[in-house]
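Fold and geometry: a report
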Amino acid sequence: MKAATGLLTVNLDALVENWESLRRRAPQANVAAVIKADAYGLGAVPVARALARAGCRQFFFATVPEALAVRHLLPDSSECFILGGVAPDDMSAVFEHRLTPILSSQSEFERWSEWTEAYGHCGAGCGLKFDSGMTRMGLEPDELLAIARQPERCERLGVKLVMSHLACADEAAHPQNAAQLEMFSRVRTQVASYLPGVKFSLANSCGIYLGDDYHADLVRPGAALYGFNPAPGAANPMRPVVTLRLPVLQVRCLHHSASIGYGAEATRPTGAVLAVVAGGYADGLHRILGAQGAAECAGQEVPVVGRISMDTTLFDLTDLPDAQTLAGGSMDYPVLTVLGGAFDVNRVSTRNRALGYEVLTGLRSGRYRREYIGGEG
Ligand SMILES: *Cc1c(COP(=O)(O)O)cnc(C)c1O
């Protein structure tokens, strides 16, 4: 690696295989792709393109601008759902680009109603989200049923999907899963009796692995596509997708014991070999390294030393067989792998799943060169 910035590699073939594998897992359902937050930091454009080529036709975004960044690449038959709903300023883009907002409150539904009347059509329709126990966004089941009891109005407003979201799907044994499924199924039966054409969706990545009951008509995986284990505790059925490698800028051998980095929080003795690596907290590394405290170098684990700086991080290479030669400057500097191999995203997320997601989405801010493998299918 001759450049002075890290290299983020996204394996689109592995991504597509993960999508195919989820399809085998939920054969009765359509398998969407959640590509919000720039496909969890990996790049929504290449990710969407690869999945569309593989046959994916349902995509979920958080916001309208996120969807607009990829809409033009997707086949016309694709559905682009906006999880965050729709604000008045987004409305014309929603109609023009055939986006499908997920409406989560009565006031949003009323606003949608006014706009569809103003436009004289319902564009690519809308979805409704109800709260089955997560208590984030969503209609109350009673509010949803009141809407469903007006089938002609729903038809006019293009209501095509009813969804809810699981709060504890990553803990398979959590009683909340069964409770949410029970409420979802009850509401589904009632809504379907008024709106027979509407599709239903409950499961995210982990929800798919809770069992067939959770699949409904459409599943919404994000994390599993990107290599996260959707069945925590069991072997990961997904292929790793992301690798992040950082170049060493400088290696030095300490001629006296010294304190290291800002705040002098660490010290190392005479003879220690330290590497200055390109990448710091401005590149999201505090999230990655803060959780694991090490990287892989020449097949060996090397620890972080001291505080992570904005642009650089120090690693202790003293235990590498070549440490002294490296410090002497007579061999090429190595590359450190901070994500990938033994340091795969699941290692971070086994301690804290949210942290695993943060690690990926944090890569967006990084000053990395990006490389995409495959996806040409
Ligand atoms: C982000 C999100 C998903 C995807 O969740 P993963 O755990 O990444 O599979 C699905 N549904 C909703 C409503 C979401 O916000």
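Residues numbered from 1 in each chain as written. Predicted model: local features only at pLDDT ≥ 70, side-chain atom pairs only at ≥ 80, totals over all residues. Heavy atoms only, no water.

Here, the residues flagged by UniProt with the feature "modified residue: N6-(pyridoxal phosphate)lysine" (unreviewed entry) are Lys-36. Locating Lys-36 in the fold gives a position in helix H2 (residues 36-40). When neighbours within four sequence positions are excluded, Lys-36 is seen to be in contact with Phe-60, Phe-61, Ala-62, Glu-66 and Leu-83. (UniProt positions renumbered as here; feature names shortened; annotations may be inferred. Helix = DSSP H or I, 4+ residues; strand = E, 2+ residues; numbered from the N terminus. Contact = heavy atoms within 4.5 Å.)

Alternating positions in strand S6 (residues 100-103) separate into two faces, Thr-100 and Ile-102 on one and Pro-101 and Leu-103 on the other, with burial throughout. Pairing geometry for strand S5 (residues 79-82) and S6, over 2 bridges, is parallel. Following the sheet pairing, Ile-82 is matched in S6 by Pro-101. Taking the sense of rotation as the criterion, the β-α-β connection linking S5, helix H5 (residues 91-96) and S6 turns out right-handed. The pairing of S6 with strand S7 (residues 126-129) spans 2 bridges and is classified as parallel. What sits directly across from Leu-103, in S7, is Leu-128. (Buried < 20%, exposed > 50% of the residue type's maximum accessible area, 1.4 Å probe, protein only. Pairing = 2+ DSSP bridges. Right-handed = clockwise from strand over helix to strand, strands pointing away.)

With that settled, the discussion passes to the packing of aromatic side chains. The full count for this structure, using the stated rule, is 9 aromatic pairs. A ring pair is formed by Tyr-40 and Tyr-226, whose centres lie 4.8 Å apart and whose planes are at 40 degrees; its orientation type is tilted. Linking Tyr-40 in helix H2 with Tyr-226 in the loop between strand S10 (218-219) and strand S11 (242-253), this pair joins segments that are 186 residues apart in sequence. Comparing Tyr-40 with Tyr-226 shows no difference in burial state: the two are buried. With a centroid separation of 5.9 Å and 55 degrees between ring planes, the pair formed by Tyr-40 and Tyr-357 is classed as tilted. Taken together, the residues Tyr-40 in helix H2 and Tyr-357 in helix H14 (residues 353-362) connect sequence positions 317 residues apart. For Tyr-40, a relative accessible area of 7% gives the class buried. An aromatic cluster of at least three residues, connected via ring pairs, comprises Tyr-40, Tyr-226, Phe-228 and Tyr-357. (Phe/Tyr/Trp six-rings, centres within 6.5 Å; stacked < 30°, edge-to-face > 60°.)

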